[in-house]
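Listed below, chain by chain, are the residues.
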Amino acid sequence: ERRSVLAITEPPRFHSQAKGKNVRLDAHSRKATRRNSFCNGVTFTNRPIHLYEKVRLKLVAVHHGWSGALRFGFTIHDPSQMSSEEIPKYACPDLVTRPGYWAKALPERFAVRDNILAFWVDRHGRVFYSINDEEPILFHCGIKVSGPLWALIDVYGITHEVQILDSMFAETMTTARLSTARLSTCLPQSNHDSANFNNNELENNQVVAKIANLNLSRVPGLATDNHIIPCCPNRRQHGQGVPAFLDTDLRFHPTRGPDITFSQDRMVACTNWQESTRTLVFSDRPLHIGESLFVEVGHLGLPYYGALSFGITSCDPSTLRTNELPADPDFLLDRKEYWVVYRAFPVLSSGDILSFMVLPNGEVHHGVNGASRGMLMCVDTSQSLWVFFTIHGVINQLKILGTVQSSPGTVSPSGSPGGSQYDSDSDMAFSVNRSSSASESSLVTAPSSPLSPPISPVFPPPEPSSSKNGECTVCFDSEVDTVIYTCGHMCLCNTCGLKLKKQLNACCPICRRVIKDVIKIYRP
């Protein structure tokens, strides 16, 4: 029956009218490209999607200058009845907080050029997706299937261009096959995702319970009673790449998220794998310049996603209180101190050893099991900097192995054997806030914007444009139409310029000189 429906049904296309202002479609409405910014990329299919019909998308272009990837799902609302003013910047949280919209984010590790994403809904209202026709992943529950459903696709963040391919129909997910389906439980990747996470948290918990009942009995050596799961099981011997002698004076700070348990010596942090959300941990002292920190990760081996986040801050953890520590570290970016968050680590195995080192030029480099992975971020080294982590999903343990201080002669400015600042094989996906006490070299981005800072902490002057003025360096959406007095840089829209001017110690995002005034420019 499904094959006969497919034979008489035209392949879906993007709706030609119901789309975000930054979306451009090709002549056949099969390819959607986001022209500017990281948002305003919401699109819909031009017709309802059948139950079990796979919406197949090819990721044609992926630009790793942003954080966050494609959002996708379904809606019961006919896009033909929507006006352009009704389509917001973001699918998450703007649309999913409205009745009749369901969407979530594609994990960034799957947002790879030429990958083919397929997603569909079954008669039980469950949404599954697969990458390159691999095993399906249970993505969502609770979709209303009593009426027509249109696919919702937000060309967001690092996802720059997608193409709709011909439809296929999915097989029915039997109980036996459902037991092997993986579960997508990624925590929100940015402030924009938090509303989406809250909107779907209840049904996610129900999905977790169902999958856990199916899968826990199949995990060798794992009891179904979480009370007897060891918090900090014994780990294998340290792998290669760890120095034979490590200083052990750096431990976790007593200030920690409420879902974290420390070992007696505060060298090991563990989570409750079922309920852990607020899992921030800090080092108990600043990390020295040229000092390498070695940590070992451990996890339960369950089919859950979400892992480690790493960050640098000028905030002394002793000044924080437990009730101030959020589940999502991106919320820390609104604080007055200097905070940088990185969350794009590759998939880690239990027992993997990570290393982190801050170089004198501000570059933070990391390695995995002794192999250099290049630079993660640039930070302001004029301040004392503490390290922090969040532990989520499959990762349930973090152990500090120790530190080693490099001599000045052994610290390479490049921080990697090849000497290139582009050696990192991880996606650049980190956020940084503006510190009121930061020096001239500190980075500046809007706290809620998912733009990753550039490689160097010094912003080059903007290139002149012949036709357009470029995008505002704060909102990354509106065109530049304002000049800053006294430095003369044109890098802001008028709205952001006025807001920035009102801030205490406001300074130019490019040269960091004090802003005395902002002047709107009118062109003929």
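Going by the annotation in an unreviewed UniProt entry, the name recorded for the chain is E3 ubiquitin-protein ligase NEURL1B, with Acanthisitta chloris given as the source organism. The UniProt entry for the chain carries the following comment under Catalytic activity (unreviewed entry): "S-ubiquitinyl-[E2 ubiquitin-conjugating enzyme]-L-cysteine + [acceptor protein]-L-lysine = [E2 ubiquitin-conjugating enzyme]-L-cysteine + N(6)-ubiquitinyl-[acceptor protein]-L-lysine." Note on the chain: under the UniProt heading Subcellular location (unreviewed entry), the record states "Cytoplasm".

With that settled, the discussion passes to the overall build of the chain. On a plain count of helices and strands, the chain comes out with five helices and 30 strands. Looking at the chain residue by residue over its 524 residues, the buried ones come to 54%. Once local pairs closer than 6 in sequence are excluded, the contacts in the chain between residues at least 24 apart make up 73%. Surface accessibility of the chain: about 22,900 Å² in total, with carbon and sulfur atoms responsible for 51%.

Moving on: the environment of C496. With respect to the helices, strands and loops of the structure, C496 is situated in helix α5 (residues 494–502). As a C-alpha pair, C496 and T482 span 14 residues in sequence and 9.2 Å in three-dimensional space. If near-sequence neighbours (up to four positions away) are discounted, C496 is found in contact with C472, V474 and C475.

On to the state of the cysteines, then. Within this structure, the stated rule accounts for zero disulfides. No disulfide involves C39; its nearest neighbouring cysteine sulfur is the one of C475, lying 8.3 Å away.

Time to look at α5. Note on helix geometry: an α-helix contains 3.6 residues per turn, so any two residues three or four positions apart are oriented the same way. Turning to α5, its buried residues are N494, C496, G497 and L500. For α5, the angular spread of buried residues about the axis comes to 160 degrees, placing them on one side. Seen from the buried face of α5, the exposed residues on the opposite side, beyond 90 degrees, are K499 and K502. On its buried face, α5 is in contact with β28 (482–485), β29 (490–492) and β30 (517–520).

Our next topic: the pattern of salt bridges. On inspection of all chains with the given rule, the structure shows twelve salt bridges. As a salt-bridge pair, R47 and E53 come within 2.7 Å of each other at their nearest N and O atoms. You can call R47 buried: its relative accessible area is 14%. Given the relative accessible area of 1%, E53 is considered buried. For the salt bridge of R266 with D284, the shortest nitrogen-to-oxygen distance reads 3.7 Å. Pair noted here: R266 is in the loop between β16 (260–262) and β17 (268–271) and D284 is in the loop between β18 (280–283) and β19 (291–299), with a separation of 18 residues, a long-range link. Relative accessible area serves as the criterion here: at 26%, R266 is assigned to the partly exposed category.

Before going further, it helps to spend a moment on the confidence of the model for the chain. Averaged over all residues, the pLDDT of the chain equals 75, while 69% of them reach at least 70. For the stretch residues 184–238, pLDDT sits under 50, and the model shows 116 contacts to residues farther than four places along the chain or on other chains.

As a further point, take the nonpolar core. One finds L70, L106, L117, F119 and Y129 to be the most contacted residues of the largest nonpolar core, which totals 38 residues. Counting only elements with at least two residues in this core, the list comes to β5 (53–62), β6 (71–75), β8 (116–121), β9 (127–131), β10 (137–140), β11 (150–154) and β12 (159–164). Considering each element in turn, this core owes the most residues, four residues, to β5. Excluding anything up to four places from it in sequence, F119 contacts E53, K54, V55, L57, F72, G73, F74, F128, Y129, A151 and I153. V281, L308, F345 and L398 belong to the second-largest nonpolar core, a separate cluster that totals 36 residues.

Once that is clear, we can look at the sheet that holds β28. Here three strands make up an open sheet; going across it, the order is β29-β28-β30 and the pairing antiparallel. For this open sheet the edge positions go to β29 and β30, each flanked by a neighbour on one side alone. If you compare each strand with its neighbour and ignore which way they point, the axes differ by 50 degrees on average. Judged from the two bridges that link them, β28 and β29 form a sheet pairing that is antiparallel.

Further remarks concern the environment of D316. Here D316 is to be found in the loop between β20 (308–313) and β21 (339–342). In this structure D316 comes out as partly exposed when scored by relative accessible area, which is 28%. Residues D316 and D284 lie 32 residues apart in sequence; the distance between their C-alpha atoms is 8.7 Å. A polar atom in the side chain of D316 sits 2.9 Å from the side chain of S318.

Enumeration over the complete set of coordinates arrives at 17 aromatic pairs. Both rings, one in F72 and one in F139, keep their centres 4.5 Å apart while their planes meet at 10 degrees; by these two values the pair is stacked. A residue pair is termed long-range when its members are at least 10 positions apart, and F72 in strand β6 and F139 in strand β10 qualify at 67 residues. F139 matches F72 in its accessibility class, with the two residues each being buried. Here the aromatic rings of F310 and F389 are separated by 5.5 Å at their centres, their planes lie at 55 degrees, and the arrangement is tilted. One end of the pair, F310, is in strand β20; the other, F389, is in strand β25 (residues 386–391), and 79 residues separate them in sequence. The buried category is assigned to F389, whose relative accessible area is 3%. Connected via pairs of aromatic rings, a cluster forms that spans F72, F74, F110, F119, Y129 and F139. The lysine or arginine in question, K54, covers the ring of W120, its NZ or CZ lying 5.0 Å from the ring centre.

Rules used in this analysis
Here the residue index of a chain counts from 1 through its sequence in written order. Whole-chain, interface and lining totals are the exception, using all residues; otherwise, since this is a predicted model, local features are given only for residues with pLDDT of at least 70 and side-chain atom pairs are given and counted only at 80 or more. Note that water and hydrogens are dropped before the side-chain values are worked out from all heavy atoms of the structure. UniProt positions are given in the numbering used here, feature names are shortened, and annotations may be inferred rather than shown by experiment. Numbering of helices and strands starts at the N terminus; helices are DSSP runs of H or I of at least 4 residues and strands are runs of E of at least 2. Throughout this description, buried means an accessible area under 20% of the type-specific maximum (1.4 Å probe, protein chains only), exposed means over 50%, and partly exposed covers the range between. Residue contacts are defined here by distance: any two heavy atoms, one from each residue, within 4.5 Å place the two residues in contact. Reported accessibility uses the Shrake-Rupley method at a 1.4 Å probe radius. Residues are deemed covered only where the shown protein chains occlude them. In plain terms, two cysteine sulfur atoms within 2.5 Å form what is called a disulfide here. The arc in question is the one spanned by the directions pointing from the helix axis to the C-beta atoms. Any Lys or Arg side-chain nitrogen found within 4 Å of a carboxyl oxygen on Asp or Glu counts as a salt bridge. A residue's pLDDT is simply how confident the predictor is in it, with values from 0 to 100. Put simply, a nonpolar core is a bunch of buried Ala, Val, Leu, Ile, Met, Phe, Trp, Tyr and Cys residues held in one set by side-chain atoms that sit within 4.5 Å of each other. Two strands form a pair only when DSSP identifies at least two bridges running between them. Convention adopted: a line fitted to C-alpha atoms gives each axis, helices being fitted over their contacting stretch, and angles between N-to-C directions are expressed from 0 to 180 degrees. What qualifies as a polar contact is a pair of N or O atoms within 3.5 Å, subject to a donor-acceptor requirement within protein and to the restriction that residues adjacent in sequence count only when both atoms come from side chains. Pairing of aromatic rings covers Phe, Tyr and the six-membered ring of Trp, with a centre-to-centre limit of 6.5 Å; geometry is then stacked below 30 degrees between planes, edge-to-face above 60, and tilted otherwise. Working rule: Lys NZ or Arg CZ, within 6 Å of ring centre, within 35 degrees of ring normal, means a charge sits over the ring.

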